[in-house]
Amino acid sequence: MHIENFKVFCDLVESQSFSKSAKLNNVTQSAVSQQLRVMETHFNSLIIDRSQKQFRLTREGAKVYEVFKSILCQYEDLKNDLLEMKKVVSGDIRISTIYSIGLHELPSYLKDYMKKFPSVNVHVEYRRSNLVIEDVLSNSVDLGFVAFQEPINEIEFVPFKNDRLVLVVSPSHPLAKKSEIEFKELEATKYISFDKDIPTRKATDELFKKEGLDITPVMEFDNTETVKRAVEIDAGVSLLPESTVIREVSQGQLVKIGIKDQEITRPLFIIHRKGRSLSPAKRRFIDLLSNVSEKD
């Protein structure tokens, strides 16, 4: 067996999907199934229990995965150490990010990074937060970007920066004439929020509960851009990341209002799977962005 076979199998175990493992390794789904059969013949052991509807490793399969993963990690460490010794920073970085970070936070840092390391190719996908987590866990991407995320055992969280949530309204909204309001005043307005499963929504719901506010959103959306459009047509008001509304506020499409005695921050994180060896290119990228956190 070759090192490529080890990776196909480990990707299969971590993604629990023959199709995802095939896609990650640029092979067909039938090729993944064939490799598994070859492994089972080679070790004379059942590795995946096919009698169950859900993906389940046998005891022997779990041992194979443990050893293969260890070998893969050592191999990746060796490759990356050799690159470091040669001072080579090149290759690909696959990123999965929530829309607000990908569209409004990352571009300037990516521009600086790619100017410094032109031999690195960066691929960015925009996803819902739960799908970003899924992408990282399944090794579909190298790095993810999320906000307000609860800890997950298999994932390493590196602080990126703290964004500020601000209240925005349409210029025609009655509150637009005020520079600051009491938090309680939000109860008397139509409020537009994110979908319930989005971490920023969970965080604002907790904040409203803590402040004793009874707020039921009139609309719910899965990304910042759609929420902004709804606020612009005066369908309601919303708390949004400040970095995402700079252009609309400067152009008079939205009005930013302060909330008395409230400073609502939104922590942003770079995430990657724990135990995964990072190439010099990926480490330099994380270093660049984690230094932003130190200055924040």
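As shown above, the structure is provided for reference.
Residues numbered from 1 in each chain as written. Predicted model: local features only at pLDDT ≥ 70, side-chain atom pairs only at ≥ 80, totals over all residues. Heavy atoms only, no water.

J.: Run through the overall build of the chain, naming residues and quoting values.
T.: Regarding its fold elements, the chain presents 11 helices and 10 strands. Principal-axis analysis of the C-alpha atoms gives the chain an extent of 75 × 50 × 30 Å. Nonlocal contacts in the chain, meaning residues at least 24 apart in sequence, comprise 75% of its contacts between residues at least 6 apart. Entry remark: accessible area of the chain is about 15800 Å², with carbon and sulfur atoms responsible for 50%. (Helix = DSSP H or I, 4+ residues; strand = E, 2+ residues; numbered from the N terminus. Contact = heavy atoms within 4.5 Å. Areas by Shrake-Rupley, 256 points an atom, 1.4 Å probe, with all protein chains shown as cover.)

J.: Go over the environment of valine 124 with me, naming the residues and quoting the values.
T.: With respect to the helices and strands, valine 124 occurs in strand 2 (residues 120-126). Looking at valine 124, the relative accessible area reads 27%, which means it is partly exposed. Note: C-alpha distance between valine 124 and leucine 106 (18 residues apart in sequence) is 9.8 Å. Once you skip the residues sitting within four places of it in the chain, valine 124 turns out to touch Ile95, Thr97 and Leu110. (Buried < 20%, exposed > 50% of the residue type's maximum accessible area, 1.4 Å probe, protein only.)

J.: Which residues make up the state of the cysteines, and what values go with them?
T.: Scanning the model with the defined rule gives zero disulfides in all. Of the cysteine sulfurs around cysteine 10, a residue in no disulfide, the closest is that of cysteine 73, at 8.0 Å. On the basis of relative accessible area, cysteine 10 is assigned to the buried category, the value being 1%. Exposure remark for cysteine 73: the relative accessible area of 21% places this residue in the partly exposed category. (Disulfide = S-S within 2.5 Å.)

J.: Pulling in residues and values, what's your account of the side chain of serine 170?
T.: In this structure, serine 170 sits in the loop between strand 4 (155-169) and strand 5 (180-181). A relative accessible area of 2% means that serine 170 is categorised as buried. Separated by 3.0 Å, the side chains of serine 170 and serine 172 make a polar contact. Serine 170 has contacts with Ala176, Val231, Glu232 and Asp234, leaving out every residue within four places of it along the chain. (Polar contact = N/O pair within 3.5 Å; in protein donor to acceptor, adjacent residues only side chain to side chain.)

J.: Can you explain unusual backbone geometry? Please cite residues and give values.
T.: Located in the positive-phi region is asparagine 44, a residue other than glycine, with phi close to 55 degrees. A positive phi is found at aspartate 234, a non-glycine position, where the angle reads about 65 degrees.

J.: Summarise the packing of aromatic side chains; cite the residues concerned and give the values.
T.: Under the defined criterion, the tally for this structure stands at 12 aromatic pairs. Put simply, the rings of Tyr109, Tyr113, Phe117, Phe145, Phe160 and Phe285 touch in pairs and so form one group of aromatic residues. (Phe/Tyr/Trp six-rings, centres within 6.5 Å; stacked < 30°, edge-to-face > 60°.)

J.: Provide a residue-level description of the pattern of salt bridges, including the pertinent values.
T.: The full count for this structure, using the stated rule, is 29 salt bridges. Between lysine 63 and glutamate 66 there is a salt bridge; the shortest N-O distance is 3.8 Å. You can see lysine 63 and its partner glutamate 66 sitting in helix 4 (residues 59-85), three residues apart, about one turn around the helix. In this structure lysine 63 comes out as partly exposed when scored by relative accessible area, which is 48%. Look at the salt bridges and you will find they share partners, linking Glu225, Lys228, Arg229, Glu232, Arg247 and Glu248 into a network. (Salt bridge = Lys/Arg side-chain N within 4 Å of Asp/Glu carboxyl O.)

J.: Outline the environment of threonine 224, supporting the account with residue identities and numerical values.
T.: The residue threonine 224 is located in helix 9 (residues 224-232) in this model. Residue classification places threonine 224 among the buried residues on the basis of a relative accessible area of 4%. Between the C-alpha atoms of threonine 224 and isoleucine 101, which are 123 residues apart in sequence, the distance is 10.0 Å. Ignoring anything within four residues of it in the chain, the contact list for threonine 224 reads Ser100, Phe194, Leu240, Pro241 and Thr244.

J.: Any chance you could break down the nonpolar core for me, citing the residues and the numbers?
T.: Formed by 33 residues in total, the largest nonpolar core has its most connected members in Ile93, Ile95, Tyr113, Phe145, Ile271 and Phe285. Elements that contribute at least two residues to this core include exactly strand 1 (91-97), helix 6 (106-116), strand 2, helix 7 (129-137), strand 3 (143-147), strand 4, strand 10 (264-273) and helix 11 (280-295). If you look at the next biggest cluster of nonpolar residues, it comprises 18 residues, including Leu186, Leu213, Leu239 and Ile264. (Core = buried A, V, L, I, M, F, W, Y, C linked by side-chain atoms within 4.5 Å.)

J.: If you had to explain the pairing of strand 1 to someone new, which residues and values would you point to?
T.: Across a regular strand the side chains alternate sides, sitting on one face of the sheet and then on the other. In this sheet, strand 2 lies alongside strand 1 in parallel orientation, the contact comprising seven bridges. Looking at strand 2, one finds that aspartate 92 is bridged to asparagine 121. In terms of strand pairing, strand 1 meets strand 3 through three bridges, oriented parallel. By the bridge assignment, threonine 97 is partnered in strand 3 with phenylalanine 145. (Pairing = 2+ DSSP bridges.)

J.: A description of helix 4 should follow, citing residues and the corresponding values.
T.: Taking 1.5 Å of rise per residue, the 27 residues of helix 4 would be expected to cover 39 Å, and the 39 Å separating its terminal C-alpha atoms lies within 8% of that figure. Residues Gly61, Val64, Tyr65, Phe68, Leu72 and Asn80 constitute the buried set of helix 4. Directly beyond the C-terminal end of helix 4, a positive phi value near 55 degrees is found at lysine 87. (Expected span 1.5 Å × (residues − 1).)

J.: Got a sec to walk through the environment of glutamine 262? Specific residues and values, please.
T.: Tracing the backbone shows glutamine 262 in the loop between strand 9 (255-259) and strand 10. Apart from residues no more than four positions distant in its own chain, glutamine 262 is found in contact with Phe183, Leu207 and Glu211. Separated by 3.3 Å, the side chains of glutamine 262 and glutamate 211 make a polar contact.

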